[in-house]
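The lines below spell out each chain.
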Amino acid sequence: MMKILLFPKLDSEKNKALAKEVLDFLLGKGVMVIMDDQSAALFDVPPLSSVDTHEINFMVSMGGDGTILRLLHQYQTFDIPVIGINSGHLGFMADIPSTDVKPSLSDLLEGAYEIENRLMLQSHIGDFEGFAINDVAIHRSSNPNLVELAIRVNGNPINTFESDGVIVSTPNGSTAYSLAAGGPILTPQLGAVVLTPISPHTISNRPIVLSADYEIEIEYRSAYDPIEVVLDGISHGQMKTGDVIKIKKHEKKFRMVTLSRHDYFSTLRTKLGWVGKLR
């Protein structure tokens, strides 16, 4: 029997109804549906605490891309492929619209999908360390001035950015904060990262795409207050003057389910509002 760990979003009557629709559909297909303990009590399904997680086939997230990120951080020891149903605006990871739930889940149950092993980052500075699925963002925080950040790649000096900060992004995160800061879009399968300065003082400071096998070191050189380090917008740390953060490819990858019916480039066109004619 297939086992699916369902994380419903229950913040509105509309989302509760969608969760019930998804639950009934999966149960009707003979799937064992599991939920976190609190939600399981509401929907009368097995709680997560009672199940061997190694037997779970898929995690189904209901929400947006941020919901998927929070789940992967909360359950970081799980090695379960994740798929996202979007209960709001179309997302890049949560790419199943609520209007296409049943056909999409049918494809999942019938095997019309692929599982992509996507790049993650790990970072370390002092006692603060963690992983990022989208990005490691270093920002001037409450400092009123631009800050100096010296960048080294595999020990080789690249540049000292005078900027609001820098973003080191995975391909998965290249459509998030990095894109808003002017970085390029990388398809999720690439073994690369993007280093994107945030509002740099010098116009020649441009984003650069680097091999994911490189180790990136970023040193905070300004004599101002501590600046902020944020992983996926979830985990927060600080850098003091002279601190160096090291960022490299994580030894693990996270597993993302992509359905045959939802093309990545179609999602790009829709999400970014590209309206050029397709010939």
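Above this text sits the structure in question.
Computed from a predicted structure; not experimentally measured. (Residues numbered from 1 in each chain as written. Predicted model: local features only at pLDDT ≥ 70, side-chain atom pairs only at ≥ 80, totals over all residues. Heavy atoms only, no water.)

## Digging into the packing of aromatic side chains
Two numbers describe a pair of aromatic rings. These are the distance of the centres and the angle of the planes. Under the convention used in this document: Ring pairs shown here join Phe, Tyr and Trp side chains whose ring centres sit within 6.5 Å, with only the six-membered ring taken for Trp; geometry is labelled stacked below 30 degrees between planes, edge-to-face above 60, and tilted in between. With a 1.4 Å probe rolled over the protein chains alone, any residue whose accessible area is under 20% of its type maximum counts as buried; one over 50% counts as exposed, and the rest are partly exposed.
Applying the stated criterion to the full structure yields four aromatic pairs. For the ring pair Tyr75 and Phe78, a centre distance of 5.1 Å and an interplane angle of 25° mean the geometry is stacked. Overall, Tyr75 belongs to the buried group, its relative accessible area being 17%. Relative accessible area serves as the criterion here: at 18%, Phe78 is assigned to the buried category. Pairwise contacts between aromatic rings join Phe7, Tyr75 and Phe78 into one cluster.

## Points about the pattern of salt bridges
Applicable threshold: Every case where a carboxyl oxygen of Asp or Glu lies within 4 Å of a side-chain nitrogen of Lys or Arg is listed as a salt bridge. Here a strand is any run of E in DSSP of at least two residues, a helix any run of H or I of at least four, and the numbering for each starts at the N terminus.
A full pass over the atoms with the stated rule returns 15 salt bridges. Arg261 is paired through a salt bridge with Asp100; the nearest N and O atoms lie 2.9 Å apart. Taken together, the positions of Arg261 in the loop between β19 (254–259) and α6 (264–272) and Asp100 in the loop between β5 (96–97) and α4 (101–110) put the pair 161 residues apart, joining distant regions of the chain. As a salt-bridge pair, Glu217 and Lys246 come within 3.9 Å of each other at their nearest N and O atoms. Linking Glu217 in strand β15 (residues 216–220) with Lys246 in strand β18 (residues 244–249), this pair joins segments that are 29 residues apart in sequence. Accessibility expressed as a relative area gives 13% for Glu217, which makes it buried. Classification of Lys246 by relative accessible area gives partly exposed; the value is 38%.

## What about the pairing of strand β8 (residues 128–132)?
The line we're drawing: Note on pairing: two strands pair once DSSP finds at least 2 bridges between them.
Bridge analysis of strand β7 (residues 121–125) against β8 gives five bridges, and the strand direction is antiparallel. Paired with Ser123 across the bridge in β8 is Gly130. Adjacent in sequence and paired antiparallel, β7 and β8 are bridged by two residues, among which Gly126 carries a positive phi angle near 55°.

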